[in-house]
Amino acid sequence: MKDEGGDITRALNLSTRFPERTPSPVGNALRGVPMKRRYGGTPRRAFPSGGSLGTRQGYLAPIAVVVCVGASLLVSALGGDRPKPEGPAAFSTADYDRHIAELKKKLPGPGFTIIVERPFVVIGDEPTEDVRRHCKETIRWAVDRLKAEYFPRDPLEILDIWLFQDATSYERNCRTIFKQAPDTPYGFFSHEERALVMNIATGGGTLVHEIVHPFMAANFPDCPAWFNEGLGSLYEQSSERGGRIVGLTNWRLAGLQAAIRKHQVRPFKALCGMTDREFYRDDRGTNYAQARYLCYYLQEAGLLRSFYRRFVANHARDPSGYRTLQEVLGREDMEAFQKEWEAFVLKLAFP
Ligand SMILES: [Zn+2]
């Protein structure tokens, strides 16, 4: 992300909003999994495929740049390359108290609940019990499992998570608090405000996706976009298996399957070798979905966590992760692997 990220960084710093375009109502179409353990999205006509297949490219590509590079930029801006002690309590109670005192000055009126849900501060205008429920059932649930799975270090700054109760509140308060109208109905990440801003009525999937990025930035600041987005996207629709977080199939599948059938999906060597700029701006539109379902494949093969750890360890000599992918898969012939992966993906179903 360093080389190509520089220009993007500067471009992004001109923008305050980092919209995530993942449609994200809780995945209530899924069966057999308790509702509170499902976070996901359903396809919308306006956003048929996260890989931004075809027609929406002009809209989605810039958004994608913003979202994900934004997360990494935050870290570099905050000194993310410096060693950080691992473990809990990177910020003290007094730090949170000071942060909340400042936060209260931004509130547009009464009726907001503020909850410290470490490492985040959550602000919501639903009834307090509902805000607490989102904290516990979405944020804490995801944070605990993502930390257990991958991330020993907390984000390097206290980030706010604004949960607005519906579209009206979300749009009105974005204008009031952040002085800008949202251009996505779901939620966005604001680098300047150090905040995730969500229309929580659309569900928790986008929120879980977004939560991955500040943790990735704190733990693997040089993570290339393909893996940062692949992992974030994986958990847009998530559940747990044996107490561990798992990604489920989601709305990105249909577009990827169509691209596979049209032989439009790039080789993994090319995917991994993309600069962040290329990943976000490429107009084939399968990048998010391909990265997501590579992560899904690794997960189902029991290899995802070991891939992450080896990729972090190998990063200096393998910045793209491609060699590490080959090592973890135990494959030299990646053409043959790609054929197997494509067959695997074509057999998947959603919902
Ligand atoms: Zn993302």
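The next thing to look at is the overall build of the protein. When helices and strands are tallied, the protein shows 14 helices and eight strands. Buried residues in the protein amount to 48% of all 351 residues.

A separate point is helix H7 (residues 225-234). For H7, the tally of buried residues reaches ten of ten residues, placing the bulk of the element in the interior. For H7, the complete set of buried residues consists of Ala225, Trp226, Phe227, Asn228, Glu229, Gly230, Leu231, Gly232, Ser233 and Leu234.

Bringing the pairing of strand E3 (residues 120-124) into the picture now. Taking burial as the measure, the five residues of E3 include five buried ones, the bulk of the element. The alternating pattern of E3 places Phe120, Val122 and Gly124 on one face and Val121 and Ile123 on the opposite face, and all of these are buried. Bridge count between strand E2 (residues 113-117) and E3: five bridges; the pairing is antiparallel. Looking at E3, one finds that Val116 is bridged to Val121.

Our focus in this paragraph is the nonpolar core. Counting 76 residues, the largest nonpolar core has Val122, Ala142, Ile161, Trp162, Leu196 and Met198 as the members making the most contacts within it. With residues up to four places along the chain from it excluded, the contact list for Val122 reads Ile115, Glu117, Val131, Cys135, Ile139, Ile161 and Leu163.

Take the environment of Phe91 next. Its place among the elements puts Phe91 in the loop between helix H2 (57-77) and helix H3 (93-106). Judged by C-beta crowding, with 19 C-beta atoms within 10 Å, Phe91 ranks as partly exposed. Setting aside residues up to four positions removed in sequence, Phe91 forms contacts with Tyr96 and Ile158.

Direction vectors running N to C along helix H6 (residues 205-219) and H7 enclose 140 degrees, while the axes themselves pass 7 Å from each other. The pairing of H6 with H7 is recorded here as oblique in orientation. The two elements H6 and H7 cross, and the hand of that crossing is right-handed. Side by side, H6 and H7 meet where His209, Val212, His213 and Met216 of the first sit next to Asn228, Leu231, Gly232 and Ser233 of the second.

It is worth spelling out the packing of helix H4 (residues 128-149) against H6 at this point. Two elements in contact, H4 and H6, have axes separated by 10 Å at closest approach and are oriented at 45 degrees. Taken together, the axes of H4 and H6 lie oblique to each other. For H4 against H6, the interelement crossing comes out right-handed. Across the interface between the two elements, Thr138, Ala142, Val143 and Leu146 of H4 pack against Leu207, Val208, Ile211, Val212 and Phe215 of H6. Per-class residue counts for the contact of H4 with H6 are eight nonpolar, one polar and no charged.

So, on to the environment of Arg118. Along the chain, the position of Arg118 falls in the loop between E2 and E3. C-alpha of Arg118 to C-alpha of Ile158: the two residues are 40 residues apart in sequence and 8.6 Å apart in space.

Another point: the confidence of the model for the protein. Averaged over every residue, the pLDDT of the protein is 78; the share at 70 or more is 74%. The low-confidence segment residues 1-38, where pLDDT is below 50, has 110 contacts with residues more than four positions distant or belonging to other chains. Predicted confidence for residues 41-85 stays below pLDDT 50, and this span has 118 contacts to residues more than four positions away or in other chains.

Here the focus is helix H5 (residues 167-178). Here H5 contains twelve residues, and its C-alpha end-to-end distance of 15 Å stays within 8% of the 16 Å for a straight helix at 1.5 Å per residue. On the buried face of H5, the contacting elements are strand E4 (159-164) and strand E6 (195-199). Looking one or two places after H5, you find Lys179, whose phi comes out positive at around 65 degrees.

So, on to unusual backbone geometry. With omega at 5 degrees, the peptide bond leading from Arg118 into Pro119 counts as cis. Structurally, Pro119 is set in the loop between E2 and E3. Of note, the bond from Phe350 into Pro351 is cis; its omega dihedral lies within 30 degrees of zero at 0 degrees. Phi is positive for Lys179, close to 65 degrees, though the residue is something other than glycine. Considering the arrangement of structural elements, one finds Lys179 in the loop between H5 and strand E5 (187-190). Notably, Arg194 is not glycine yet its phi reads approximately 50 degrees, a positive angle. Structurally, the position occupied by Arg194 is in the loop between E5 and E6.

Parameters and conventions
- Residues numbered from 1 in each chain as written.
- Predicted model: local features only at pLDDT ≥ 70, side-chain atom pairs only at ≥ 80, totals over all residues.
- Helix = DSSP H or I, 4+ residues; strand = E, 2+ residues; numbered from the N terminus.
- Buried ≥ 20, exposed ≤ 12 C-beta atoms within 10 Å, placed from the backbone.
- Pairing = 2+ DSSP bridges.
- Core = buried A, V, L, I, M, F, W, Y, C linked by C-beta atoms within 7 Å.
- Contact = placed C-beta atoms within 7 Å.
- Axes fitted to C-alpha atoms, helices over the stretch in contact; angles between N-to-C directions.
- Parallel < 35°, antiparallel > 145°, perpendicular 65-115°, else oblique.
- Left-handed = near helix turned anticlockwise from the far one by under 90°.
- Nonpolar A, V, L, I, M, F, W, Y, C, P; charged D, E, K, R; others polar.
- pLDDT = per-residue confidence, 0-100.
- Expected span 1.5 Å × (residues − 1).

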